[in-house]
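# Overview (structure and organization)
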Amino acid sequence: MAVIHRHHHISAEGVTTSESTETSTGLDRSIAALRLAFGFTFLWAFLDKTFALGWHTGYDDQGVLDRFGDAAWINGGSPTEGFLTFGVPEGNWFKDVFTNMAGHAWVDWLFMIGLLGIGVTLLLGVGMRIGTAAGALMYTFMYAASFRLENNPFVDDHLIGIIAMAVLFFAGAGVTWGLGRWWRGTRMVEKYPILT
């Protein structure tokens, strides 16, 4: 990834600007670290909800942890029901819409396939356009479900997630510490560039 540095010189004739380009491994590595962190976040949420590992999923009404218990998606638990039923704040403009979606199998499947797909694409650095677009869409829905925010009138971690997905989308973030360079060279991706 190239970074353009602009140098401004002030002289009697006014301000002149010159540009030089140099490789920025620090920026590449920072973006790769951001990609990997978000990828692990999505994949871990998928695993925790699938198996009720106890990081957020698996506690009963008394706060007792039951790993691999009834809350696990593999045992019939709904990964969306809890938040959509109890987590959408009063006064949210879309509360009825989200509450009515709670616990439906199609919502659970879309959510879980999204978590897994986004997590895998970000961790591997392949399919970044689709993965980051899906990540931004998921964060948008979570942002809408969280609105009226408690600690800030507009910005929360979901909005920051949307911005991060946009950065990863435009940065070509799958190349450093990922399989993006190889992926881009495959016939399928050359034929269908949307898969980059």
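Everything discussed here concerns the structure shown above.
Per chain, the residues get numbers from 1 upward, laid out in the order the sequence is written. Local features in this predicted model are restricted to residues whose pLDDT is 70 or higher, and side-chain atom pairs enter the listing and the counts only when it is 80 or higher, whereas totals over whole chains, interfaces and linings include all residues. Heavy atoms from the whole structure form the basis of all side-chain values; hydrogens and water molecules are not counted.

### Points about unusual backbone geometry
Comment: phi is negative for the bulk of residues other than glycine, and the bulk of peptide bonds are trans. The condition that has to hold: We count a stretch as a helix when DSSP gives it H or I for four or more residues in a row; a strand needs E for two or more, and each element gets its number in order from the N terminus.
Of note in the backbone geometry, Ala 52 takes a positive phi value of approximately 55 degrees without being a glycine. If you trace the backbone, Ala 52 turns up in the loop between helix H1 (25-51) and helix H2 (81-87). Phi angles above zero are rare outside glycine, and Trp 177 is one such case at about 55 degrees. Inspection of the secondary structure assignment puts Trp 177 in the loop between helix H6 (157-171) and helix H7 (180-184).

### What to know about the pattern of salt bridges
Note the following rule: Here a salt bridge means any side-chain nitrogen of Lys or Arg lying within 4 Å of a carboxyl oxygen belonging to Asp or Glu. Only protein chains enter the accessibility calculation, which uses a 1.4 Å probe; a residue is then buried when its area is under 20% of its type maximum, exposed when over 50%, and partly exposed in between.
Here the structure, examined in full by the defined rule, presents 1 salt bridge. Notably, a salt bridge pairs Glu 90 with Lys 95, separated by 3.7 Å at the nearest N-O pair. Using a relative accessible area of 66% as the deciding quantity, one classes Glu 90 as exposed. Lys 95 gets classed as buried once you look at its relative accessible area, which sits at 16%.

### Here's the deal with the nonpolar core
So the rule is basically this: Nonpolar cores were defined as sets of buried Ala, Val, Leu, Ile, Met, Phe, Trp, Tyr and Cys residues, with membership established by side-chain atoms within 4.5 Å. Two residues qualify as a contact provided that any one of their heavy atoms is within 4.5 Å of a heavy atom in the partner residue.
Phe 38, Phe 42, Leu 115, Leu 122, Met 165 and Leu 168 are the most contacted members of the largest nonpolar core, which has 20 residues in total. Broken down by secondary-structure element, the contributors of at least two residues to this core are H1, helix H4 (105-124), helix H5 (128-146) and H6. Not counting residues up to four positions away in its chain, the partners in contact with Leu 115 are Phe 42, Leu 43, Ala 45, Phe 46, Lys 49 and Met 138. Membership of the second largest hydrophobic core comes to 7 residues, among which are Leu 84, Phe 98, Val 107 and Ala 144.

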